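Read off the chains here:
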Amino acid sequence: MNGVWLLVITYFIIAVVLVTIVLMLIQKSKINSIKKEVLELDKEKNLIASTPVLSELAKIETIIKNDKMEGKYKNWQYRFKVIKDKKLVKINDMLIDLDIMVDNHNYKDAKEQIARVGMEVYKVRNAANHLMGEIKEITVSEEKYRNIITKLKTKYRELSNEFQSHKSDYGEVENAIDLQFENIEKKFLDFEVVMEQNEYNEVVHVVKALDTMIDHMTIVIKEVPNLVLLALQLIPKKLEEIQTNYAEMIDEGYALDYLNIPYNVEEIMKNITAIMDRVKVLNLEECLFELKTVLEYLDSLFTDFENERLGKKLYEDNIEDFDKKLKRTNKIVGDIFIQMDDIMNMYDLTADDVKIIEDVRVRLLETSKAYEKLCLDAEEHIVPYSKLAKELELETNLLQQLEQDLDISLKSLGSMYDDEVRAKEQLDEIQVVLKQCKLRIRSYKLPIISNNYFVELAEANEAIGEIIKELEHKPTQIKILNTRVDTARDLVLKLFNTTNEMIRTAQLAEMAIVYGNRYRSELEEVDMGLTNAEKLFYKGNYKGALETGINATSLVEADIHQKLTNIYGKEI
């Protein structure tokens, strides 16, 4: 038990020692941090004290030439004395108090004092820097502005040489530019005066004025030749060409009122005068843009002239062809309507057929009126040829569509006439075939003709009669007529096939009986079969007679069927 207590006490002592050591380290770290901050503030104070204000003031003392500059010099001396003898001394006293606080381990107050000292150092440093900046503004001004003026003079000489080398390019603006160069030279003299008098506040304004004037002269020297060239040469020349072209085209009958050229030319000349007045006082703002806009407008007029010439050529090239097409179409439509009553009496036209033709006539009338107006406008020269050409192209397209619709209508009428002619031709052909059927049935004297033949004959005759009735009926209904023709043709062809089949079967049956007669005496069954075949033949059952005759003969000749096929060259 004593051992346990001994161990606990040992651990407690070790913990106390460790905590004590940690606290001591933390305290030492705080002290070191505070001392470091104090050292930095002292260093800042010394840097402020070492600001080379006095050396810069010594430079100022050598260039004082007026009361204004002397007043500034004394003000700067006073301000530096305040910084050095009052503000820095105050900071030094605050640092001494701070050291005492640290030595007395009064760290809380020391931290607050550090913040106060830091604020004072910041204020004094800014005051010293501001003072130094004001002084240097004077001490370095001469060198700085001399360098700037040297560059400006170089630029000025380059501009002056450029102007003198191409003086003729500046025309009426030459005197204004000479005067502006003189003003710049005077500004250079003003610079020397203010520099001599050490009026550095005025130097800034003089240098800025020179810089602005020379920048402006750079633009002037660069742009004025182009402005003079455009305003006094290129644009006047184009105006003269436009007026000449305008007059010639008016004499040739072109309608150009829509271009409003006389008024626009007058306004352009006024505008050029106003621009040149501005250029003469070297006010170049927007001048080049305005002149280029005028030039683009004039170029567009030449394009308009060319479009009018092209429009006239297109109009004259196409109007004659359009006239011919229009007259031809009018004649066709006129002829159709002259014969319309006869056509309607001849054919059973549908409402659509009549509507198409009537619509074509109405559209043709509108196109004819538009054509007359086109010709009148062209004769009176009140509409530009470019517009006439477009309108003529539009009317040509409409006429072309009209011709296509008319062609469809004419094809419809032509188709009706063709169908009627074809129906008559087919009627003749059908009647010829029917006649052949009758002659053929008569030429082969059959003992009996089947009822089926007479039924089909009656149907064919009736169908032919319907064709004849439809052809005689006015107006002719072409669809019904075509149906009648198709029906009659099918029935006559059916009769034709029936006739041929009946005659062929009768012929084969008769041949089969005749061929088998040679075997009547040899076999009683053959004799009986052939006798039955004869009975069927005379009753008109030719197919039955053929089959019975072949079956009887096949008792003697098994290949009788093939022999008859070979003899007559057809399959039985």
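Position numbers for residues count from 1 along each chain, tracking the sequence in the order it is written. Where local features are concerned, this predicted model is filtered to residues with pLDDT of at least 70; where side-chain atom pairs are given and counted, the filter is 80 or more; whole-chain, interface and lining totals use all residues. The side-chain numbers reported here are obtained from all heavy atoms of the structure, hydrogens and water having been left aside.

### Quick look at the overall build of the chain
For clarity, the cut-off: The helix count covers DSSP runs of H or I at least four residues long, the strand count covers runs of E at least two residues long, and both are numbered beginning at the N terminus. Think of it in three bands: residues with accessible area under 20% of the maximum for their type are buried, residues over 50% are exposed, and the middle band is partly exposed, with areas taken using a 1.4 Å probe on protein chains only. We call two residues in contact whenever any of their non-hydrogen atoms come within 4.5 Å of each other. For accessible areas, the Shrake-Rupley method is used with a probe of radius 1.4 Å. Any residue's cover is judged against the shown protein chains and nothing else.
Looking only at helices and strands, one finds 17 helices and zero strands in the chain. Looking at the chain residue by residue over its 572 residues, the buried ones come to 35%. For the chain, the proportion of contacts with a sequence separation of at least 24, taken over those separated by at least 6, is 76%. Entry remark: accessible area of the chain is about 34,500 Å², with carbon and sulfur atoms responsible for 55%.

### Some remarks on the packing of aromatic side chains
Here is the rule: To pair, rings of Phe, Tyr and Trp, with the six-membered ring standing in for Trp, must have centres within 6.5 Å; the planes then decide the type, stacked if under 30 degrees apart, edge-to-face if over 60, and tilted in the middle. We count a charge as sitting over a ring when the NZ of a lysine or the CZ of an arginine lies within 6 Å of the ring centre and within 35 degrees of the ring normal.
Going through the model one piece at a time under the given rule, you end up with nine aromatic pairs. Taken together, a centroid distance of 5.6 Å and an interplanar angle of 70 degrees make the contact between tyrosine 156 and phenylalanine 188 edge-to-face. You can see tyrosine 156 sitting in helix H5 (residues 141-165) and its partner phenylalanine 188 sitting in helix H6 (residues 174-196), a full 32 residues away along the chain. Both residues of the pair, tyrosine 156 and phenylalanine 188, belong to the buried class. A ring pair is formed by phenylalanine 163 and tyrosine 170, whose centres lie 5.1 Å apart and whose planes are at 65 degrees; its orientation type is edge-to-face. In this structure, phenylalanine 163 and tyrosine 170 share a single accessibility class: buried. Taken together, the ring pairs in this structure connect Tyr156, Phe163, Tyr170, Phe181 and Phe188 into an aromatic cluster. Over the ring of tyrosine 515 we find arginine 518, and its NZ or CZ is 4.1 Å from the ring centre.

### Examining the nonpolar core
Selection criterion: In this text, buried Ala, Val, Leu, Ile, Met, Phe, Trp, Tyr and Cys residues form a nonpolar core when linked through side-chain atoms within 4.5 Å.
Grouped together as the largest cluster of nonpolar side chains are 73 residues, with contacts concentrated most on Val173, Ile177, Phe181, Ile184, Met217, Val224 and Ile235. Where this core is concerned, the elements lending two or more residues are H5, H6, helix H7 (200-251), helix H8 (261-280), helix H9 (287-338), helix H11 (351-380) and helix H12 (385-443). Here this core takes 19 residues from H7, the largest share from any one element. Residues within four places of phenylalanine 181 in sequence aside, it is in contact with Tyr156, Leu159, Ser160, Phe163, Met217 and Ile221. In terms of nonpolar packing, the next biggest core, distinct from the first, is built from 37 residues, Ile467, Leu491, Tyr515 and Ile560 among them.

### Examining the confidence of the model for the chain
Parts of the prediction with low pLDDT should not have their coordinates interpreted in detail. Counted only if it meets this: Per-residue confidence from the prediction method is given by pLDDT, with values spanning 0 to 100.
For the chain, mean pLDDT is 78; residues scoring 70 or higher make up 79% of the total. Between the elements of the chain, mean pLDDT differs from a low of 50, seen in helix H10 (residues 340-346), to a high of 90, seen in H8.

### Concerning a nonpolar patch on the surface
This is how it is decided: Here the term patch refers to residues with relative accessible area over 30% and no salt bridge, with like charges joined within 9 Å and nonpolar side chains (Val, Leu, Ile, Met, Phe, Trp, Tyr) within 5 Å. Whenever a carboxyl oxygen of Asp or Glu lies within 4 Å of a side-chain nitrogen of Lys or Arg, that contact is scored as a salt bridge.
Judged by side-chain polarity, Trp5, Val8, Ile9, Phe12, Ile13, Val16 and Val17 come together as a nonpolar surface patch covering roughly 690 Å² of accessible area. Within the secondary structure, valine 17 sits in helix H1 (residues 2-49). Take valine 17: its relative accessible area is 42%, and that puts it in the partly exposed class.

### Some points on the side chain of aspartate 377
Along the chain, aspartate 377 falls in helix H11. Judged by relative accessible area, which is 6%, aspartate 377 ranks as buried.

### Describing the packing of helix H15 (residues 524-538) against helix H16 (residues 542-553)
Which entries qualify depends on this criterion: Lines fitted to C-alpha atoms define the axes, with helix axes restricted to the stretch in contact, and inter-axis angles between N-to-C directions lie between 0 and 180 degrees. Each angle gets one of four labels, with under 35 degrees taken as roughly parallel, over 145 as roughly antiparallel, 65 to 115 as roughly perpendicular, and the rest as oblique. Basically, the charged four are Asp, Glu, Lys and Arg, the nonpolar ten are Ala, Val, Leu, Ile, Met, Phe, Trp, Tyr, Cys and Pro, and anything else, Gly included, counts as polar.
Interaxial distance between H15 and H16 falls to 8 Å at its minimum, and their mutual angle equals 170 degrees. With respect to each other, H15 and H16 are oriented roughly antiparallel. Along its contact with H15, which presents Val526, Gly529, Leu530, Asn532, Ala533, Leu536 and Phe537, the element H16 presents Tyr542, Gly544, Ala545, Thr548, Gly549, Ala552 and Thr553. For the contact of H15 with H16, the residue count by class is eight nonpolar, six polar and no charged.

### Concerning unusual backbone geometry
Glycine aside, residues mostly have negative phi angles, and peptide bonds mostly take the trans form. Notably, asparagine 260 is not glycine yet its phi reads approximately 55 degrees, a positive angle. Judged by its relative accessible area of 40%, asparagine 260 is partly exposed.

### Some points on the pattern of salt bridges
Applying the stated criterion across every chain, the model contains 15 salt bridges. With its nearest N and O atoms 3.9 Å apart, the salt bridge here joins lysine 324 to glutamate 320. Of this pair, lysine 324 and glutamate 320 both sit in helix H9, separated by four residues, roughly a single helical turn. Each member of the pair, lysine 324 together with glutamate 320, is exposed. The salt bridge involving aspartate 323 is made with lysine 327; its shortest N-O contact spans 3.2 Å. Placement of both aspartate 323 and lysine 327 in helix H9 is noted, with a separation of four residues, approximately one turn of the helix. Ionic contacts of the salt-bridge type, sharing partners, join the residues Lys167, Glu174 and Asp178 into one network.

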